[in-house]
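If you want the building blocks of each chain, they are given just below.
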There are 2 protein chains.
Amino acid sequence: MSEEKSAYTPIPSVQRLPVYLHFLKDLRRGGQRSISCTQIAKQFNQLSVQVRKDLAITGISGRPRVGYKVDELIDAIESFLGWDKETTAFLVGAGSLGSAILGYHGFNEHGLRILMAFDSDPKKIGTTVHGYPVFSPETMGIQAQRYRVDIGILTVPADQAQESANRLVEIGVRGIWNYTPRRLVLPENIVCVDVKLSASFAVLSKRLADSRGLDVAGEKPRDKSPGKSY
Amino acid sequence: MSEEKSAYTPIPSVQRLPVYLHFLKDLRRGGQRSISCTQIAKQFNQLSVQVRKDLAITGISGRPRVGYKVDELIDAIESFLGWDKETTAFLVGAGSLGSAILGYHGFNEHGLRILMAFDSDPKKIGTTVHGYPVFSPETMGIQAQRYRVDIGILTVPADQAQESANRLVEIGVRGIWNYTPRRLVLPENIVCVDVKLSASFAVLSKRLADSRGLDVAGEKPRDKSPGKSY
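Scope of this entry: the structure provided in the associated data block. What you are looking at is a predicted structure, and each value in this text was computed from that prediction instead of being measured. (Residues numbered from 1 in each chain as written. Chains lettered and ligands numbered in written order. Predicted model: local features only at pLDDT ≥ 70, side-chain atom pairs only at ≥ 80, totals over all residues. Heavy atoms only, no water.)

1. Observations concerning the sheet that holds strand β5 (residues 128–129) of chain B
The strands that make up a sheet are held in pairs by hydrogen bonds between backbone atoms, and each pair lies either parallel or antiparallel. Under the convention used in this document: Strands were regarded as paired on the criterion that DSSP finds at least two bridges between them. Secondary structure elements follow DSSP: runs of H or I of four or more residues count as helices, runs of E of two or more count as strands, with numbering from the N terminus. Throughout, a contact is declared for two residues whenever any of their heavy atoms are within 4.5 Å. Working convention: axes come from line fits to C-alpha atoms, limited for helices to the stretch in contact. Angles between N-to-C directions cover 0 to 180 degrees.
The strand order across the open sheet built from seven strands is β5-β6-β4-β3-β7-β8-β9 (chain B), with neighbouring strands paired in mixed fashion. Two strands close off the open sheet at either side, each with one partner strand: β5 and β9 (191–194) of chain B. With six bridges joining them, strand β3 (residues 87–92) of chain B and strand β4 (residues 112–118) of chain B adopt parallel strand pairing. Residue pairing across strands places F90(B) opposite M116(B), the latter belonging to β4(B). Helix α8 (residues 197–212) of chain A contacts β3, β4, β7 (151–154), β8 (175–178) and β9 of chain B of the sheet and is inclined by roughly 170° relative to β9(B). Packed on one face of the sheet, helix α7 (residues 161–170) of chain B meets β3, β7 and β8 of chain B and runs near 165° to β7(B).

The following block contains the structure:
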């Protein structure tokens, strides 16, 4: 393992871990006890050496012939990602996107626990959305004194993004999961991850335009193998 | 411009274009007619040379002293991304995430036009969600004969992802915008872009765990400057 264990954490490997985890949990439910890199690689149409490197960042290494124990691999990935610990969150912006996140429970099994939602719309304040109470943003400081809150999930309209982010920083969150199209200006010690739905749509549109032969700039598509996922 | 115009389209540059576009449209609304790379770079805390390279992939080049005309730059980006053309879509899966996308109109200005939604839940079939009619997935083929549909937006539960994708391919879409956590197996000619919300949450969790000093694998964080966005 020593040559695989690097001194830094490559982001693309981190991004692939949830996909492996999902697959491994399916296997476990089906009663499978061990698995090889080659089998995982085959499932995802990737190189076996890439899968081995991705998994090695969690500190786990497979054994010759045996491969990995499914249980150990699941634990290693969850522990590496911090998904064995609870991450508490305030959701700011209970519009359509915010409501969708409140109604989606897929992140619960990764330790995410949304505590409550905030919205400046007087019609929403005092109501619940998917069982979560909605409060005025003005009360955020008071609520933060009652609960330990790790992150803010930012789902407000773009023009309220920075102001809402500032408020989250003030109440002491350590991270922001930013669903708005705005790039936030934040103190150095705040972890921020942008979801960038527009960036995703840009890649899709560009690749469609290329495949239509409508590439206005007259350039060749970068990658001749469509079907590849980004 | 010649040395900047490369033979391929770098994905990170494509992903940054929507952010510039958003900013440029704000400027135009404010009456500004021209802008330099340096000004854009300053706004986004990036290197000027990086901004110039990003914009150059659209085929546009700034003029010394003048910079770019805001109007021309907006047109160049939109045309490069195919956002000056209409992209029609079927949305498959009218659950909470699907409904959020139906209710969000931010992609309209990028040419996205959702035609209708499909859901296998008998309670939803025949109703409308945010004004969009919901049909049974069985009728997808018939609907596709009546409308030209470019892409499928996939917001079904994970275990229905591949089956729904197969159906979309059958009715002739050229691209899939995949919001499910599954990696899809698709024909070579289908463009697929994954939104990967779990991957995004994995990066956030890992960086929070690192900043907590709870890095179980005992590795050093990759990047000592938190606050950086991914």
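2. Focus: the interface of chain A and chain B
Selection criterion: Throughout, the accessible surface (probe 1.4 Å) given up by two parts as they are put together, summed over both, is called the buried area. Every case where a carboxyl oxygen of Asp or Glu lies within 4 Å of a side-chain nitrogen of Lys or Arg is listed as a salt bridge. Gly counts as polar in this scheme, as do all residues outside two lists: the nonpolar Ala, Val, Leu, Ile, Met, Phe, Trp, Tyr, Cys and Pro, and the charged Asp, Glu, Lys and Arg.
In this assembly, 82 residues from chain A lie in contact with 82 residues from chain B. Summing the contributions of chain A and of chain B, the shared interface buries around 7500 Å²; its carbon and sulfur component is 61%. Applying the counting rule to chain A against chain B returns two salt bridges. One salt bridge connects D26(B) with R182(A), and the closest N-O pair in it is separated by 3.2 Å. Here the side of chain A that touches chain B is composed, by residue class, of 42 nonpolar, 21 polar and 19 charged.

3. Quick notes on the environment of M140(B)
Residues and elements named next belong to chain B. Relative to the elements of secondary structure, M140 occurs in helix α6 (residues 140–146). In the structure, M140 is positioned 33 residues away from F107 in sequence and 23 Å away in space, judged by C-alpha atoms. What M140 contacts, discounting residues up to four positions off in sequence, is F90, V92, F118, R167, L168 and I171.

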